[in-house]
Amino acid sequence: MRFGLLLLMLFVVPVQAQPLQVSPDGHRLQYADGTPFFYLGDTAWELFHRLNRPEAKRYLEHRAGLGFNVIQAVVLAQLGGLEVPNSYGAVPLLDRDPTRPNEAYFEHVDDVVDLADSLGLFVGMLPTWGSYWRSNDPTDVIFTPANARVFGRFLGDRYREKPIIWILGGDQDIHTAGEREVIDAMAAGLEDGMAGAQLITFHPRGPGLSSQLGLHEAPWLDFHMVQSSHGSRDHDNGLYAEHDYALTPPKPTLDGEPRYEGIPVGFYFRGNSMHDRFDDYDARQAAYWSVLAGAAGHTYGNNNIWQMWAPGREPIIGANIPWYEALDHPGARQMGILKRFFLTLPFSELAPNREIVLDGPSEGGGKIRAMTSMDGSVLVVYSPRGEAFSIDKRMLIAGQMAESWFDPRYGVTYDIHTSDTKGIQTFTPPTSGRGQDWVLMIRGVSTEP
């Protein structure tokens, strides 16, 4: 069987001077010149708070090398972010006052943002973790509509020329009119400062969707974010993308916090043991399910990395591997493969197509998902367990069509054959079972000499 590498050295180098925008069809993100932007994020929530500059450089260079293009990090961090100083002894706010940002703290944030910029990375910047605008303990809350707008304006103005994607929410949902006022005010402040130069989204509490918080019509929300969270294996996060993809008017959507590699499944502790953890397959399954359901990209997470855990720090949710060692966990590398795979296709022209799959698992961990290009010349089908499925090739319009299997673990393509045969056809992936996921790719080929 003939096989070849799927252009693993293919890197799309973004021009950071170009801002991002929503594509004309409302389902994707793109650069100002129309070049598709496949959002590939990593959750590094404690990046500004816990890492010094050399450590941040190590982390960012590693992620850029794998093909990530968005780093999600929080200014007012979750883990003691207001009281515990950063690596240089600075807290972000003077007297916990959002109208009094500490210049020493933000100089470090500036350095990290500049380094990300130099590496071709966007920063998905959360102004604050959600516990500081909504909490069961009112003493944790520091934001009002008035100071939220001031803080948003400060951030928007300071980083208006930088590659920033703004992410409000911070793992909390909006429950009251007063909380909505705070979020609207912070968004208004950001827009005051950055003058519409950057995109804004909202990171909800999991499992949840920003689109179900009354935000779809919010004029400041450019694209939706979901959090499918860490509840169970085989949780079909593609259902979230399906929900948002069907909304009108359309807005892009993506999973901003799926199941993390290395986190205990469902946060479940078996006695004093936490051996049942999500692995690279769980992360990979969530990524392909979501993108094939219509997401504009995907975010990866690792339980050791979001908190930048290292010996001497209290582990959260069972973190047990230093962040600098967890960088090389296989799920992260496979996310780069995911992005490069979709950018070899006309990604902006792909749309979910459930009708083309006539037989095969339609629920559970083996659920089949498919996409076709608008012109019917490209088909992509994901089989999470390597189980057989039947497709209706009559829905594809190309004459000669090249068929191949793509291995999402290693980024290798195995050619099947090229033919002009139409009709209903059953495909059986090369291997099957948990962790043996495969992608079928069918592309029209030119018959011109």
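Structural data are supplied above this passage.
Residues numbered from 1 in each chain as written. Predicted model: local features only at pLDDT ≥ 70, side-chain atom pairs only at ≥ 80, totals over all residues. Heavy atoms only, no water.

Draft legend 1. How the structure looks around the packing of helix H7 (residues 280–292) against helix H10 (residues 330–343). The N-to-C vectors of H7 and H10 enclose an angle of 25°; their axes lie 9 Å apart at closest approach. Classified by the angle their axes make, H7 and H10 are roughly parallel. Like other packed secondary-structure pairs, H7 and H10 cross with a definite hand, here right-handed. When H7 is examined against H10, the residues Asp-280, Ala-283, Arg-284, Ala-287, Tyr-288, Val-291 and Leu-292 are found in contact with a partner set consisting of Pro-330, Gly-331, Gln-334, Met-335, Ile-337, Leu-338 and Phe-342. (Axes fitted to C-alpha atoms, helices over the stretch in contact; angles between N-to-C directions. Helix = DSSP H or I, 4+ residues; strand = E, 2+ residues; numbered from the N terminus. Parallel < 35°, antiparallel > 145°, perpendicular 65-115°, else oblique. Left-handed = near helix turned anticlockwise from the far one by under 90°. Contact = heavy atoms within 4.5 Å.)

Draft legend 2. Geometry of the pattern of salt bridges. A complete count under the given rule lists 28 salt bridges for this structure. Its salt-bridge partner being Arg-233, residue Asp-276 comes within 2.6 Å of it at the nearest N-O pair. Note that Asp-276 is positioned in the loop between strand E12 (253–255) and H7 and Arg-233 in the loop between strand E11 (224–227) and helix H6 (238–245), a separation of 43 residues in sequence. One salt-bridge network, held together by shared partners, links Arg-233, Asp-276, Asp-279, Asp-282 and Arg-434. (Salt bridge = Lys/Arg side-chain N within 4 Å of Asp/Glu carboxyl O.)

Draft legend 3. Inspection of the sheet that holds strand E4 (residues 36–37) at higher detail. Spatially, three strands are ordered E2-E3-E4 in an open sheet, and the strand pairing comes out antiparallel. A single partner strand is all that each edge strand has here, and the edge strands are strand E2 (20–22) and E4. Where E2 and strand E3 (residues 29–31) come together, three bridges link them in antiparallel fashion. Bridging across to E3, Leu-20 finds its partner in Tyr-31. (Pairing = 2+ DSSP bridges.)

Draft legend 4. Region of interest: the pairing of strand E6 (residues 70–76). Where burial is concerned, most of E6 is hidden: seven out of the seven residues are buried. Taken together, the three bridges between strand E5 (residues 39–43) and E6 define a ladder with parallel strand orientation. Bridge pairing links Asp-42 to Ile-71 in E6. Taken together, the six bridges between E6 and strand E7 (residues 122–128) define a ladder with parallel strand orientation. The residue of E7 that forms the bridge with Leu-76 is Thr-128. Regarding topology, helix H3 (residues 103–118) serves as the crossover connection from E6 to the parallel E7, and that connection is right-handed. (Buried < 20%, exposed > 50% of the residue type's maximum accessible area, 1.4 Å probe, protein only. Right-handed = clockwise from strand over helix to strand, strands pointing away.)

Draft legend 5. Region of the structure containing the side chain of Asp-236. Mapped onto the secondary structure, Asp-236 falls in the loop between E11 and H6. Its relative accessible area of 10% is what places Asp-236 among the buried residues. In terms of polar contacts, Asp-236 uses its side chain to reach the backbone amide nitrogen of Gly-238, at 2.9 Å. Side-chain polar atoms of Asp-236 contact the side chain of Arg-369, separated by 2.6 Å. (Polar contact = N/O pair within 3.5 Å; in protein donor to acceptor, adjacent residues only side chain to side chain.)

Draft legend 6. View of the side chain of His-216. As for its position among the elements, His-216 is in the loop between strand E10 (208–209) and E11. The exposure class of His-216 is buried, given its relative accessible area of 10%. In this structure the side chain of His-216 is engaged in a polar contact, spanning 2.8 Å, whose partner is the backbone oxygen of Pro-249. Among residues more than four places away in sequence, those in contact with His-216 are His-224, Leu-247, Thr-248, Pro-249 and Lys-251.

Draft legend 7. Structural view of unusual backbone geometry. For the bond running from Gly-206 to Pro-207, omega is -10°, close enough to zero to count as cis. Cis geometry is found at the peptide bond from Thr-248 to Pro-249, where omega equals -10°. Examined against the element boundaries, Pro-249 turns out to sit in the loop between H6 and E12. In this structure, Asp-171 takes a positive phi of about 65° despite not being glycine. Positionally, Asp-171 belongs in the loop between strand E8 (164–168) and helix H5 (177–194). Positive phi, normally seen in glycine, also occurs at Ile-317, with a value near 50°.

Draft legend 8. Region of interest: the packing of aromatic side chains. Under the definition given, this model contains 22 aromatic pairs. Their ring planes at 75° and their centres at 5.5 Å tell us that Tyr-105 and Phe-106 sit as a pair that is edge-to-face. Taking the relative accessible area as the measure of exposure, Tyr-105 reaches 0% and is therefore buried. With 5.8 Å between their ring centres and 65° between their planes, Phe-342 and Phe-347 make a pair best called edge-to-face. The burial state of Phe-342 is the same as that of Phe-347; both residues are buried. Three or more aromatic residues link up through ring pairs in this structure, and these residues are Phe-38, Tyr-288, Phe-341, Phe-342, Phe-347, Tyr-382 and Phe-406. (Phe/Tyr/Trp six-rings, centres within 6.5 Å; stacked < 30°, edge-to-face > 60°.)

Draft legend 9. Quick look at the sheet that holds strand E15 (residues 357–359). Strand order in the open sheet formed by three strands is E15-E18-E21, with antiparallel pairing between adjacent strands. Strands with a single pairing partner mark the edges of an open sheet, and in this sheet they are E15 and strand E21 (424–427). Adjacent strand axes in the sheet meet at a mean angle of 35° when their direction is disregarded.

Draft legend 10. Here's a closer look at H10. Helix length check: H10 (14 residues) gives 20 Å between terminal C-alpha atoms against 20 Å at 1.5 Å per residue, within 8%. Counting buried residues along H10, eleven of its 14 residues qualify, which places the element largely inside the surrounding structure. Looking at H10, one finds that the buried residues are Gly-331, Ala-332, Gln-334, Met-335, Gly-336, Ile-337, Leu-338, Lys-339, Arg-340, Phe-341 and Phe-342. (Expected span 1.5 Å × (residues − 1).)

Draft legend 11. Examining the environment of Tyr-300 more closely. With respect to the element layout, Tyr-300 can be found in strand E13 (residues 297–300). For the pair Tyr-300 and Arg-333, spaced 33 residues apart in sequence, the C-alpha separation works out to 10 Å. Excluding residues that lie within four positions of it along the chain, Tyr-300 makes contacts with Gly-41, Asp-42, Thr-43, Arg-63, Phe-68, Glu-261, Ala-283, His-329, Gly-331, Ala-332 and Met-335. In terms of polar contacts, Tyr-300 uses its side chain to reach the side chain of Glu-261, at 2.5 Å.

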